[in-house]
Amino acid sequence: MRITVMLLAMLLFFLPLCARAEEGPSSYHLPAYDDQVPSLREAYADFFKVGAAINTFQLQEGSDFYKTVIKHYNVFVTENEMKPQYINPSKGTFSFDAPDRFVAFGESVGASLRGHTLVWHNQVPQWWFKGENGGTATSEELLARMEEYISTVMGRYKGRIHTWDVVNEAISDGSSGLRDSDWVRIIGDLDGDGNAYDFMEYAFRYAREADPDAQLIINDYSLESDSRKLNDFYTAVRTMLEKGVPIDGAGIQAHVSLGYPSIATFEQAIEKLASLKELNPSFTVQITELDVSLFAWNDQSKTKEMTPELQQKFAEYYADLFTMFKRQAEKGNLDMVVTWGVFDGSSWLDGFPVSGRTNAPLLFDRSFMTKPAFWGVIDPALIPEAIAALE
Ligand code: G3I
C-alpha cells in the first residue's frame, strides 16, 4: 500500500515535467540565459565548437552577458584586447592585463580560446615599422620585432590558447594578389621566389616554434563571397603549404549580409579551402567572425524595421548557414563557428560603415532576448512559432 502511494506520488511529480519537455519552452521569446533555452554549444556538440568574440570589460559575473556566454559558447576570442597595438604599444612595453583576464576566464569555464591576432596591417603599433636610426625599419628590424612579439605573446599562453589567427587580412580587396601593407613593402620577396608571401611564412614559422601544439590559422574576409579574393587567398595558402609552411587552417571571417552570398557560394568556398587537406591532412576551415548585417555594405539608410517578413528572412538565412556548416563539419571540413559579438547591443556593425546606422546582426537582441534566428539555428521548424512569439 505504502509503495503504491509512493509510486503514485512520483508519477504525479514527473508526469508534468515530461509533458513540459515535449511541449518545449513556455515561450520562444526568452532571455538567452533562461533555463528553457537550449544551449548553442550543446546543440552543436557533435559537429563543431561554437564561439563568440567578447571584451573582458563585459564579463561581470552574474550579469546577463556573463550568463549568456557561459551557457552558449565553448570558444572565446577577444574582439580587440589581444591586438598588438594594445599589447605592445611601445618598444619594450608589453601589457597583458586584459589578455590575462581573458585566459583566466576561458579556463574558469573550460572553453577553448582563440588568439586574435598576431600579424595584421591594422591595430598594429606604428613603432614596429620605424627604423632605429629614423626612417623606415629594415626587413631585419621588422622580422626581429615580429619574432619577439610572437614568441613573447604565444609563449606566455603556451598550451592555454588553442588557436591563433597568425596572419589576418593579407589579401587585397580591389586588385589582385597581396594587400599593399607595411609588411609587404618592408619584408617583400626576401627569398627571391617571385612572391612576397615571406612575411607570412616567417610569422607561421615563428608561431610554430613558440607553441608547437597551437592550431595556426590564416584569416580573411569576403572569402565566402568574392571569388577573386578567394582564389588569391587559396593560391597563397597552397603555395606556402607546398613549401612546408606550418598552416593548420583557413579562417573565413564571414561578415555577410542578409541573403548574400548564397549558401551555395559560401559552401563552395569552404570546400575549396578544405581541399588543402591534400597538402596538410589536419588542415581545417573555421568560421571566425560571423555576423549577418541587415544592410548591403554601403546602404545609406539608418534603420530597418524588423517586420515579421524581415525576421523570417533573417532567421531562415541564419538557419540555412548553420545547416550548411553542419554538413561541412560532417565532411570533416569545419571545426569551429564563432560569431563576432554576442548580442545586438554590442556589435562593430552599429554605426559602421555607415555612421548612425543601427544594425542587428546577431542571434540575441539588445536585451539578450532570443531572436527567431536563434531558434532557427536550433531547429528551422521553430521559426514560425518564434516569430509569432514576438507579437
Ligand atoms: O581604444 C580606443 C579608445 O581609446 C578611443 O577612445 C576610441 C574612440 O573611437 O577608440 C578606441 O578604439 C576603437 C577600437 O575598436 C576599440 O574599441 C577603434 O576606434 C575602432 O576602430 C576599433 O574597431 C574595431 C575594429 O576591428 C578595428 O579594425 C572593432 O571594435 C572590432 O570589432 C573590429 O574587428 C575586426 C577584426 O579584428 C578583424 N576582422 C574584421 C573585424 C571587424 O572590423
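Only a predicted model underlies this, so the values are computations on that prediction, with no experimental measurement involved.

Regarding helix H5 (residues 97-108)
Then, in step 1: When the terminal C-alpha atoms of H5 are compared, their 16 Å separation across 12 residues agrees well with the 16 Å that a helix rising 1.5 Å per residue should span.
Then, in step 2: Residues of H5 that are buried: Ala98, Pro99, Phe102, Val103, Phe105 and Gly106. For H5, the buried positions fall inside an angular range of 160° around the axis, keeping them on one side. In H5, the exposed residues that point more than 90 degrees away from the buried face are Asp97 and Ser108.
Then, in step 3: Packed against the buried residues of H5 are strand S1 (49-54), helix H3 (64-72), strand S2 (75-78), helix H4 (84-87) and strand S3 (112-119).
Then, in step 4: Gly110 sits one or two positions beyond H5 and adopts a positive phi of about 70°.

Quick word on the layout of surface pockets
Then, in step 1: Taken as a whole, the largest pocket encloses approximately 700 Å³ of empty space.
Then, in step 2: Lining the largest pocket are 31 residues, with Tyr221, Gln253, His255, Trp297 and Trp348 sitting closest to its centre.
Then, in step 3: Elements with a minimum of two residues in the lining of the largest pocket: strand S7 (255-257) and strand S8 (284-293).
Then, in step 4: Residue classes in the lining of the largest pocket are distributed as 11 nonpolar, 12 polar and 8 charged.
Then, in step 5: Of the voids in this model, the second largest pocket is the one considered here, and its volume is about 200 Å³.
Then, in step 6: Along the wall of the second largest pocket there are 15 residues; nearest its centre are Met306, Gln311, Ala360, Asp365 and Lys371.
Then, in step 7: Residue classes in the lining of the second largest pocket are distributed as 5 nonpolar, 6 polar and 4 charged.

The rules behind these values
Each chain carries its own residue numbering, running from 1 in the written order of its sequence. Where local features are concerned, this predicted model is filtered to residues with pLDDT of at least 70; where side-chain atom pairs are given and counted, the filter is 80 or more; whole-chain, interface and lining totals use all residues. Side-chain figures throughout are based on the complete set of non-hydrogen atoms in the structure, without hydrogens or water. Elements are defined by DSSP. Helices are runs of H or I of four residues or more, strands are runs of E of two residues or more, and each kind is numbered from the N terminus. By definition here, a helix of n residues has an expected span of 1.5 Å times n minus one. Summary of the burial criterion: residues with accessible area below 20% of their type's maximum are buried, those above 50% are exposed, and those between are partly exposed, where the area comes from a 1.4 Å probe applied to protein chains only. Summarising the geometry, the arc corresponds to the directions from the helix axis toward the C-beta atoms. Residues count as neighbours in contact if any of their non-hydrogen atoms are within 4.5 Å of one another. With a 1 Å grid laid over protein atoms only, a set of points is called a cavity when a 1.4 Å probe fits there but cannot get out and a pocket when it is open yet has protein on both sides within 12 Å along at least five of seven lines; lining residues have an atom within 4 Å of a point. Grid points are joined across faces, edges and corners, and a volume is the space filled by probe spheres set on the points. All residues other than Ala, Val, Leu, Ile, Met, Phe, Trp, Tyr, Cys, Pro, Asp, Glu, Lys and Arg, Gly among them, are scored as polar; the first ten of these are nonpolar and the last four charged.

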